[in-house]
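Survey of secondary and tertiary structure
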Amino acid sequence: MLGFQDPVADAIGLLRPSTVVGPSLRAAGEWALHFDPFPHVRTGGLISGTCWLIIDGHEPVLLRAGDTFLLGNPPPYVLASSPDVTSRPAAPIFADAEAGLVRIGPESEEDVYLCVGHIAFDERNAALLTDLLPSLVVVRVDDPHGARLAQLIDLLAEEVEVAAPGGALVQNHLAQILLVHMLRVHAGRTYRPTGWLGALNDDAIGAALRAVHADVARSWSLKELAEISHMSRSAFAQAFKNRVGVPPLEYLIQWRMSLARDALTRDYLSISELALETGYLSESAFSTAFRRVVGSSPAQFRSQARQQPRSAAVGN
């Protein structure tokens, strides 16, 4: 059966994250590294020392030991000992890493220790998350969640350097745990991000979202969802659209089609079975809805997916 009860877990599950962590960076003296754009998320944190994060559209940010950051669909950016230092490309330097570590400057004077992870998603559903993320989220170590995130960064860096059996698996899970905690922080901030991510901290709208995800095949009515949220239909419809960005039943259709794209890509259900799993009484009704949202028929989409296996680009 399609659907669970946790929109964050559901979305990340559909995104099929592909994670690369490290190498870690130890640097001393004057230095600056220029990083190329990367789809879709970069996360990182400073274990010791201080450094500057410089990204278009933002004032340079001074990172201190214990701070963590998330970059959503990041444009080119720079990590540096000072905003005034001329940067050089990071890719060739990271390509020469040894034992999961890049060193800049004399080893005896190292004063910066940084761990960075890269997470790429299945392009077919990546917009479920990437459209909701700002280009930069910074969590300071003195934030209520900061100490927990700093611990995760420490664990990541340790796993990268020790190269123990199962290390890649541990790194993958730790990076995804870090991502979830960063999303929680972002969703809980006072400016209330739009989309399903921002609505999860709203008790009323969040309850309706969780209900939809728990039973995606149900023929939900606006009245039922409003009752779950303990609101009138008109108040619920307006509040849901304000918080999530689309009307409630349109969100339901979009989520069903996201599940359908994933199922067709993995090719484990027939179209008639998929129609029932996503709440449609007939294959033709499902196909009509799918074509409206996706722009092609389910059969065409599945055929194209078979010819274009998923690939996730990773790198520095």
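Residue numbers run consecutively from 1 along every chain, following the written order of its sequence. Note on the predicted model: pLDDT of at least 70 is required for a residue's local features to be given, and 80 or more for side-chain atom pairs to be given and counted; whole-chain, interface and lining totals, by contrast, use all residues. As a rule here, side-chain values come from all non-hydrogen atoms in the structure, and water together with hydrogens is ignored.

An unreviewed UniProt entry lists the chain under the name AraC family transcriptional regulator, with Herbiconiux aconitum as the source organism.

**Notes on the overall build of the chain**
Strands are runs of DSSP state E lasting at least two residues, helices are runs of H or I lasting at least four, and both sets are numbered from the N terminus onward. In terms of regular secondary structure, the chain is built from 13 helices and 12 strands. Computation of the radius of gyration draws on C-alpha atoms, with the globule rule given as 2.2 Å multiplied by the number of residues to the power 0.38. Over its C-alpha atoms the chain spans a radius of gyration of 22 Å, differing by no more than 12% from the 20 Å that the globule rule assigns to 316 residues. Relative accessibility under 20% of the residue-type maximum defines a buried residue, over 50% an exposed one, and the middle range a partly exposed one, all with a 1.4 Å probe and only protein chains included. Across the 316 residues of the chain, 49% fall into the buried class. Here the contacts in the chain between residues at least 6 apart in sequence split such that 75% fall between residues at least 24 apart. To be clear on the numbers: accessible area is Shrake-Rupley with a 1.4 Å probe, and residue cover counts the displayed protein chains and nothing else. Looking at the chain as shown, the accessible area adds up to about 14400 Å², and 52% of this sits on carbon and sulfur atoms. For the charge count, each Lys or Arg is scored as positive and each Asp or Glu as negative, with His and the chain ends excluded. Lys charges are placed at NZ, Arg charges at CZ, Asp charges at CG and Glu charges at CD. Here the chain contributes 26 positive and 34 negative side-chain charges, whose respective centroids are spaced 10 Å apart. Here, two residues are considered to be in contact whenever any of their heavy atoms come within 4.5 Å of each other.

**What to know about helix 12 (residues 283–294)**
Counted at 1.5 Å a residue, the expected span for helix 12 with its 12 residues is 16 Å, and the 16 Å between its end C-alpha atoms agrees. Contacts from the buried residues of helix 12 go to helix 10 (248–266), helix 11 (271–277) and helix 13 (298–307). Downstream of helix 12 by one or two residues, glycine 295 has phi in the positive range, about 100 degrees. How far a helix is expected to stretch is found by multiplying one less than its residue total by 1.5 Å.

**What to know about the pairing of strand 11 (residues 112–120)**
The element strand 11 is extensively covered by neighbouring structure, given that 9 of its 9 residues are classed as buried. Of the two faces of strand 11, the one lined by Val112, Leu114, Val116, His118 and Ala120 and the one lined by Tyr113, Cys115, Gly117 and Ile119 are each fully buried. The rule for pairing is simple: two strands pair if DSSP sees at least two bridges between them. Across 4 bridges, strand 1 (residues 18–21) lies against strand 11 in antiparallel orientation. Following the sheet pairing, serine 18 is matched in strand 11 by alanine 120. Looking at chain direction, strand 2 (residues 24–27) and strand 11 are connected through 3 bridges and run antiparallel. Considered in strand 11, the bridge of leucine 25 is made with leucine 114. Relative to strand 11, strand 4 (residues 41–48) runs antiparallel, the two being bridged by 7 bridges.

**Examining the packing of aromatic side chains**
Aromatic pairs are defined between Phe, Tyr and Trp rings, using the six-membered ring for Trp, whenever the two ring centres lie within 6.5 Å; interplanar angles under 30 degrees are classed as stacked, those over 60 as edge-to-face, and all others as tilted. Evaluated as defined, the whole model comprises 7 aromatic pairs. Aromatic pair phenylalanine 35 and phenylalanine 94: ring centres 5.7 Å apart, planes at 70 degrees, arrangement edge-to-face. Taken together, the residues phenylalanine 35 in strand 3 (residues 32–35) and phenylalanine 94 in helix 2 (residues 91–95) connect sequence positions 59 residues apart. Residue phenylalanine 35 shares its accessibility class with phenylalanine 94, and that shared class is buried. Put simply, the rings of Tyr280, Phe286, Phe290 and Phe301 touch in pairs and so form one group of aromatic residues. To sit over a ring, a charge needs its Lys NZ or Arg CZ within 6 Å of the ring centre and within 35 degrees of the ring normal. We note arginine 218 situated over the ring of tryptophan 220; from NZ or CZ to the ring centre the distance is 4.3 Å.

**With respect to unusual backbone geometry**
As a rule of thumb, non-glycine residues mostly have phi less than zero, and peptide bonds are mostly trans rather than cis. Proline 39 connects to histidine 40 through a cis peptide bond whose omega is 10 degrees. With a phi angle near 55 degrees, alanine 99 is a residue other than glycine that sits in the positive phi range. Looking at the element boundaries, alanine 99 is found in the loop between helix 2 and strand 10 (101–104).

**Some points on the state of the cysteines**
Disulfide: a pair of cysteine sulfur atoms within 2.5 Å of each other. Using the criterion set out here, one finds 0 disulfides in the structure. Of all cysteine sulfurs, the one in cysteine 115 lies closest to cysteine 51, which takes part in no disulfide; the gap is 12 Å. Accessibility expressed as a relative area gives 1% for cysteine 115, which makes it buried.

**Concerning the sheet that holds strand 3**
The mixed open sheet is built from 5 strands, whose spatial order is 6-5-8-3-9. A single partner strand is all that each edge strand has here, and the edge strands are strand 6 (61–64) and strand 9 (88–89). Judged from the 4 bridges that link them, strand 5 (residues 50–55) and strand 8 (residues 77–80) form a sheet pairing that is antiparallel. Across the sheet, tryptophan 52 pairs through a bridge with alanine 80, a residue of strand 8.

**Section: the packing of helix 4 (residues 146–162) against helix 5 (residues 167–188)**
To define axes, lines are fitted to C-alpha atoms, for helices over the stretch in contact only, and angles between the resulting N-to-C directions are given on a 0 to 180 degree scale. Two elements in contact, helix 4 and helix 5, have axes separated by 10 Å at closest approach and are oriented at 160 degrees. What the angle tells us is that helix 4 and helix 5 run roughly antiparallel. The two elements helix 4 and helix 5 meet at a crossing, and its hand is left-handed. Packed against helix 4, whose contacting residues are Arg148, Leu149, Leu152, Ile153, Leu155, Leu156, Glu159 and Val160, the element helix 5 presents Gly167, Val170, Gln171, Leu174, Ala175, Ile177, Leu178, His181, Met182 and Val185 at the interface. Only Asp, Glu, Lys and Arg are considered charged in this grouping, and only Ala, Val, Leu, Ile, Met, Phe, Trp, Tyr, Cys and Pro are considered nonpolar; every other residue, Gly among them, is considered polar. Per-class residue counts for the contact of helix 4 with helix 5 are 13 nonpolar, 3 polar and 2 charged. Geometric relationships in this document are graded by angle, where less than 35 degrees denotes roughly parallel, more than 145 denotes roughly antiparallel, 65 to 115 denotes roughly perpendicular, and other angles denote oblique. By the definition used in this description, the sense in which the near helix is turned from the far one sets the handedness, with an anticlockwise turn below a right angle giving left-handed and a clockwise turn giving right-handed.

**Observations concerning the layout of surface pockets**
Buriedness of a pocket was judged along seven lines, with at least five required to meet protein on both sides within 12 Å; pockets are open sets of points on a 1 Å grid over the protein atoms alone, cavities are sets where a 1.4 Å probe fits but cannot get out, and lining residues have an atom within 4 Å of a point. Grid points are joined across faces, edges and corners, and a volume is the space filled by probe spheres set on the points. Here the largest pocket defines a volume of roughly 330 Å³. If you trace the largest pocket, you find 19 residues lining it, with Ala127, Leu128, Trp196, Gln254 and Ser258 closest to the centre. Elements that contribute at least two residues to the lining of the largest pocket include exactly helix 3 (127–130), helix 6 (195–199) and helix 10. The class makeup of the residues in the lining of the largest pocket is 11 nonpolar, 4 polar and 4 charged. In this structure, the second largest pocket spans a volume of roughly 260 Å³. When the residues that make up the lining of the second largest pocket are grouped by side-chain class, the tally is 9 nonpolar, 1 polar and 3 charged.

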